[in-house]
Amino acid sequence: MEVRITINGQEVSRDVEPRTLLVHFIRDTPGLTGTHWGCDTSNCGACVVLMDGKPVKSCTTLAAMCVGHEIRTVESLEQNGRLDPIQMGFHEKHGLHCGFCTPGMLMTTRALLDSNPNPTEAEIRTAISGAICRCTGYKNIVSAVRWAAEQEAAMKQEA
Ligand code: FES
Ligand code: FES
């Protein structure tokens, strides 16, 4: 079947099997291999992308379900060579070690800050509760999100 999805503002159209998962549709698109594919069972969160601004696990979402929706992947965070504050936060606070969970963590926490610009530690931990990190112990990830929240607040004040 022909599936046409808007990914990072660009329309991507391909003839795929009806059972094709969103994660494969995305990763089979040139330049879009940043979304990771881990457990394939909706447990790890490495595959999280945004659908209309809400985090979804692309390993358990059919590509065909995304027709007419806006998908955002980790590649959309950097704009014109400038990192998104959430990316800067992970860099500043060492929010990653191996990096496997990172694309999903970045998109999950981007969605959090979009809906709640000043989250508490508890709210951050709840937001990332569907994402597993085997390396960091989560402490630095929480610090990274707090750093990004403060950075974004400061940027808004300056604007
Ligand atoms: Fe989708 Fe693990 S690959 S949740
Ligand atoms: Fe390795 Fe999170 S940084 S799994």
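See above for the structure.
Attention here is on the structure that accompanies the text.

**Remarks on the packing of aromatic side chains**
(1) Moving on: Under the criterion given, the structure shown has 0 aromatic pairs.
(2) Moving on: Taking the ring centre of Phe25 as reference, the NZ or CZ of Arg14 above it sits at 4.2 Å.

**Topic: the nonpolar core**
(1) Moving on: Of all hydrophobic cores here, the largest spans 23 residues; its most connected members are Ile86, Phe90, Met105 and Val145.
(2) Moving on: What Phe90 contacts, discounting residues up to four positions off in sequence, is Gly95, Leu96, Thr102, Met105, Leu106, Thr109, Ile141, Ala144 and Val145.
(3) Moving on: Leu22, Ile26, Val49 and Cys66 belong to the second-largest nonpolar core, a separate cluster that totals 15 residues.

**Some words on the side chain of Thr61**
(1) Moving on: The topology assignment puts Thr61 in the loop between strand E4 (54–57) and strand E5 (70–72).
(2) Moving on: With relative accessibility at 8%, the residue Thr61 sits in the buried group.
(3) Moving on: In this structure the side chain of Thr61 is engaged in a polar contact, spanning 2.8 Å, whose partner is the backbone oxygen of Lys57.
(4) Moving on: Excluding residues that lie within four positions of it along the chain, Thr61 makes contacts with Leu21, Leu22, Met51, Val56 and Cys66.

**A look at the sheet that holds strand E2 (residues 10–15)**
(1) Moving on: Read from one edge of the open sheet, 5 strands run E2-E1-E5-E3-E4, paired in mixed fashion. The outermost strands of the open sheet, each flanked by one partner alone, are E2 and E4. Between one strand and the next, the sheet's axes are offset by a mean angle of 40 degrees, whatever the strand orientation.
(2) Moving on: By the bridge criterion, 2 bridges tie strand E3 (residues 48–51) to E5 in an arrangement that is antiparallel. Pairing of Met51 across the sheet is with Ile71, part of E5.
(3) Moving on: Contacts from helix H3 (residues 102–115) reach E3, E4 and E5, with the element oriented near 35 degrees to E3.

The rules we used
- Residues numbered from 1 in each chain as written.
- Chains lettered and ligands numbered in written order.
- Predicted model: local features only at pLDDT ≥ 70, side-chain atom pairs only at ≥ 80, totals over all residues.
- Heavy atoms only, no water.
- Phe/Tyr/Trp six-rings, centres within 6.5 Å; stacked < 30°, edge-to-face > 60°.
- Lys NZ or Arg CZ within 6 Å of the ring centre and 35° of its normal.
- Core = buried A, V, L, I, M, F, W, Y, C linked by side-chain atoms within 4.5 Å.
- Buried < 20%, exposed > 50% of the residue type's maximum accessible area, 1.4 Å probe, protein only.
- Contact = heavy atoms within 4.5 Å.
- Helix = DSSP H or I, 4+ residues; strand = E, 2+ residues; numbered from the N terminus.
- Polar contact = N/O pair within 3.5 Å; in protein donor to acceptor, adjacent residues only side chain to side chain.
- Pairing = 2+ DSSP bridges.
- Axes fitted to C-alpha atoms, helices over the stretch in contact; angles between N-to-C directions.

That is the geometry; function is a separate question.
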